[in-house]
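Here are the chains, one letter per residue:
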Amino acid sequence: MKVIKLREGKERSLLRRHPWVFEGSIAKGKADFGETVRVESAGGDFLCWAAYSPSSSIKLRAWSFDEAERIDAAFFERRIAAALAYRARLAIDSNGQRLIHGEADGLPGLIVDRYADTLVAQFLAAGTEQWKGVIADALLAATGLTRLFERSDSGVRQLEGLTPVKGWVRGEGATEVELHESSWKLKLDVAEGHKTGYYLDQRDNRREFARWVRQLGAQRVLNCYSYTGGFSVAALAGGATDVTSVDSSGPALARATEHVTLNGFNPAHHLALDADVNATLRGFIKEGRQFDAIVLDPPKFAPSAAHAERASRAYKDINRLGLRLLAPGGLLCTYSCSGGVGPELFHKIIAGAGMDAGIDAYIVDRVGAAPDHPQTLVFPEGEYLKGLLVMRR
Ligand code: SAH
């Protein structure tokens, strides 16, 4: 077993159980791609077992802080069992669930979502890439399923020196699945959709949106960055009769349209607009349109803190426009999935947008990702999705 020695004082974050070690913290030692290594402090004390990433600036990702633990098939079976046991306690009202959420589940670089009878995984770091076959078998044994599709076509793999991969790891067949969320049906193609196919992290926020639309009697609803119309279906379920979905992806909008009829709603109550959100909002303002409820759920504007400033301006822009389109008493549900924009900064951005729009609003809720996308106490980087629900005064 190869040993990686850290520089003096660089053991602190590992002692707090934070699972990453950056290049600059390493004093001595090298290993092969994804190889399990023993990590020691400058004084020679055991710190953790970790996977080595030769090309990433995150050189080590800890598998275990227990010196007696072996990193083998049984290790992955234990971690997967623990992750599934947590999900079972959440009693999630959907057959679409995030089963493994990387670091928060003690499996850095692994994302696994379940959609009905199909597992979809992203192997994003050298360690998980190396153990792919073992992890796939352990996942299928633990869930009793037979199909696992790989969607390792995310850009972050490049940092590990890995090329994109997409295809069946185990099983085969149709890649189209039907998801049941709240009382709604949603279709997706695990080979074609964004990320692993759908945005499961917004599940609870879509359900809450339906509740708000009903409670407020909201009729005119604008769903910006709608993707396949999850929030639009929620709005129709809440009783809205004039719902507009805006997205720049034609295939996503085709799904949104399909979802309206699949759930038994009147197609005349829904309009799918293939357009840029910013331009659409400006156009609606010119036309003097108003909405009773608006969703703004843009893609990640700031992948890291380095992009926070430019992203802040982009968030402020769309939120200023969104606020101006709200009818008095109307609700804006605004989200950011940028890890580089924390909840406090996001709050400030929305406050700034309100100032510029000359509109004040009550904050009626602060929300995050559904709990099957867990955050843990030791890994603050895990926080990414945050939302503010504000009601125009
Ligand atoms: N709210 C959705 C997820 C949104 S993901 C849900 O609950 O499922 C972000 C979406 O923004 C993607 O579908 C992407 O196609 C769209 N998008 C990105 N940039 C855009 C732009 N400038 N104008 C319109 N849509 C955009």
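Residues numbered from 1 in each chain as written. Predicted model: local features only at pLDDT ≥ 70, side-chain atom pairs only at ≥ 80, totals over all residues. Heavy atoms only, no water.

(A) Fine view of the overall build of the protein. Counting its secondary structure elements, the protein contains ten helices and 20 strands. With respect to the three principal axes, the spread of C-alpha positions in the protein is 70 × 45 × 35 Å. Each of the 393 residues in the protein was classed as buried or not, and the buried ones make up 54%. Put simply, 63% of the contacts in the protein that link residues at least 6 apart link residues at least 24 apart. Of the roughly 16600 Å² that the protein leaves accessible, carbon and sulfur atoms contribute 52%. (Helix = DSSP H or I, 4+ residues; strand = E, 2+ residues; numbered from the N terminus. Buried < 20%, exposed > 50% of the residue type's maximum accessible area, 1.4 Å probe, protein only. Contact = heavy atoms within 4.5 Å. Areas by Shrake-Rupley, 256 points an atom, 1.4 Å probe, with all protein chains shown as cover.)

(B) Main features of helix 10 (residues 343–357). Between its first and last C-alpha, helix 10 extends 21 Å over 15 residues, near the 21 Å set by a 1.5 Å rise per residue. Turning to helix 10, its buried residues number three or more, namely Phe346, Ile349, Ile350, Gly352, Ala353, Gly354 and Ala357. In this fold, the buried residues of helix 10 make contact with helix 9 (308–324), strand 18 (326–336) and strand 20 (386–392). Positive backbone phi, at 70 degrees, marks Gly358, one or two positions downstream of helix 10. (Expected span 1.5 Å × (residues − 1).)

(C) The pattern of salt bridges, seen in detail. Counted according to the given criterion, the structure contains 33 salt bridges. Between Glu129 and Lys132 there is a salt bridge; the shortest N-O distance is 3.4 Å. Residue Glu129 shares its accessibility class with Lys132, and that shared class is buried. Among the charged side chains, a salt-bridge network with shared partners connects Lys5, Arg38, Glu40 and Glu67. (Salt bridge = Lys/Arg side-chain N within 4 Å of Asp/Glu carboxyl O.)

(D) The sheet that holds strand 4 (residues 36–40), seen in detail. Strand order in the open sheet made by the six strands is 2-6-5-4-1-3, with mixed pairing throughout. In this open sheet, the two edge strands, each paired with only one partner strand, are strand 2 (20–22) and strand 3 (26–28). Each adjacent strand pair in this sheet contributes to an overall mean axis angle of 40 degrees, direction not counted. In the sheet, strand 1 (residues 3–6) pairs with strand 4 via three bridges, with the strands oriented parallel. By the bridge assignment for strand 4, Ile4 is matched with Val39. (Pairing = 2+ DSSP bridges. Axes fitted to C-alpha atoms, helices over the stretch in contact; angles between N-to-C directions.)

(E) Expanded view of the side chain of Ser336. Mapped onto the elements, Ser336 comes out in strand 18. Within the local environment of Ser336, its side chain forms a polar contact with the backbone nitrogen of Ser338, the two atoms lying 3.2 Å apart. Not counting residues up to four positions away in its chain, the partners in contact with Ser336 are Tyr315, Val341, Phe346, Tyr384, Leu385 and Lys386. (Polar contact = N/O pair within 3.5 Å; in protein donor to acceptor, adjacent residues only side chain to side chain.)

(F) Structural view of the side chain of Thr143. Here Thr143 is to be found in helix 4 (residues 132–143). Among all residues touching Thr143, those that are not within four sequence positions of it are Leu84, Leu99, Arg114 and Leu119.

(G) Representation of the packing of helix 5 (residues 203–216) against helix 6 (residues 230–237) within the structure. Closest axis-to-axis distance for the helix 5/helix 6 pair is 8 Å, and the angle between their directions is 35 degrees. For the pair helix 5 and helix 6, the crossing hand works out as right-handed. Every residue of helix 6 that contacts helix 5 at Asn205, Arg206, Phe209, Ala210, Val213 and Arg214 is listed here: Gly230, Phe231, Ala234, Ala235 and Ala237. Across the contact of helix 5 with helix 6, the residue classes break down as seven nonpolar, two polar and two charged. (Left-handed = near helix turned anticlockwise from the far one by under 90°. Nonpolar A, V, L, I, M, F, W, Y, C, P; charged D, E, K, R; others polar.)

(H) Structural detail: a positive patch on the surface. A cluster of like positive charges, contributed by Arg7, Lys10, Arg12 and Arg16, occupies part of the molecular surface. By the secondary structure assignment, Arg16 is in the loop between helix 1 (12–15) and strand 2. Judged by its relative accessible area of 57%, Arg16 is exposed. (Patch = residues over 30% accessible without salt bridge, like charges linked within 9 Å, V, L, I, M, F, W, Y side chains within 5 Å. Lys, Arg positive; Asp, Glu negative; His and termini not counted. Charge placed at Lys NZ, Arg CZ, Asp CG, Glu CD.)

(I) Quick look at the UniProt feature "domain: PUA" (unreviewed entry) in the protein. On the UniProt side, "domain: PUA" (unreviewed entry) is annotated at positions that read residues 2–85 here. The span residues 2–85 shows a helical share of 20% and a strand share of 35%, and its end C-alpha atoms are spaced 33 Å apart. (UniProt positions renumbered as here; feature names shortened; annotations may be inferred.)

(J) Up close: the environment of Gly106. Checked against the element boundaries, Gly106 lands in the loop between strand 7 (96–101) and strand 8 (110–115). Note: C-alpha distance between Gly106 and Ile80 (26 residues apart in sequence) is 9.0 Å. Leave out the neighbours within four places in its chain, and Gly106 touches Trp63, Phe75 and Arg79.

(K) Representation of the packing of aromatic side chains within the structure. Across all of its chains, the model carries 15 aromatic pairs by this definition. With centroids separated by 5.0 Å and ring planes inclined at 80 degrees, the aromatic side chains of Phe75 and Phe76 adopt a geometry described as edge-to-face. Centroid distance Phe301 to Tyr315: 4.7 Å. Interplanar angle 45 degrees. Geometry classified as tilted. You can see Phe301 sitting in the loop between strand 17 (291–296) and helix 9 and its partner Tyr315 sitting in helix 9, a full 14 residues away along the chain. Here Phe301 falls in the partly exposed class, since its relative accessible area comes to 25%. A connected cluster of aromatic rings, assembled from ring pairs, spans Trp63, Phe75, Phe76 and Trp131. Between the NZ or CZ atom of Arg211 and the centre of the ring of Trp212, over which it lies, the distance is 5.4 Å. The aromatic ring of Phe284 is capped on one face by Arg289, whose charged end is 4.5 Å from the ring centroid. (Phe/Tyr/Trp six-rings, centres within 6.5 Å; stacked < 30°, edge-to-face > 60°. Lys NZ or Arg CZ within 6 Å of the ring centre and 35° of its normal.)

(L) Expanded view of the sheet that holds strand 9 (residues 118–123). Read from one edge to the other, the open sheet built from five strands follows the order 7-8-9-10-11, with strand pairing classed as mixed. The open sheet is flanked by strand 7 and strand 11 (165–170), the only strands paired with a single partner. Across the sheet, the axes of successive neighbouring strands diverge by a mean angle of 20 degrees, strand direction being ignored.

(M) Seen up close, the state of the cysteines. Applying the stated criterion across every chain, the model contains zero disulfides. We note that Cys333 lacks a disulfide partner, and the nearest cysteine sulfur, in Cys224, lies 11 Å from it. When its relative accessible area of 0% is taken as the criterion, Cys333 is described as buried. (Disulfide = S-S within 2.5 Å.)

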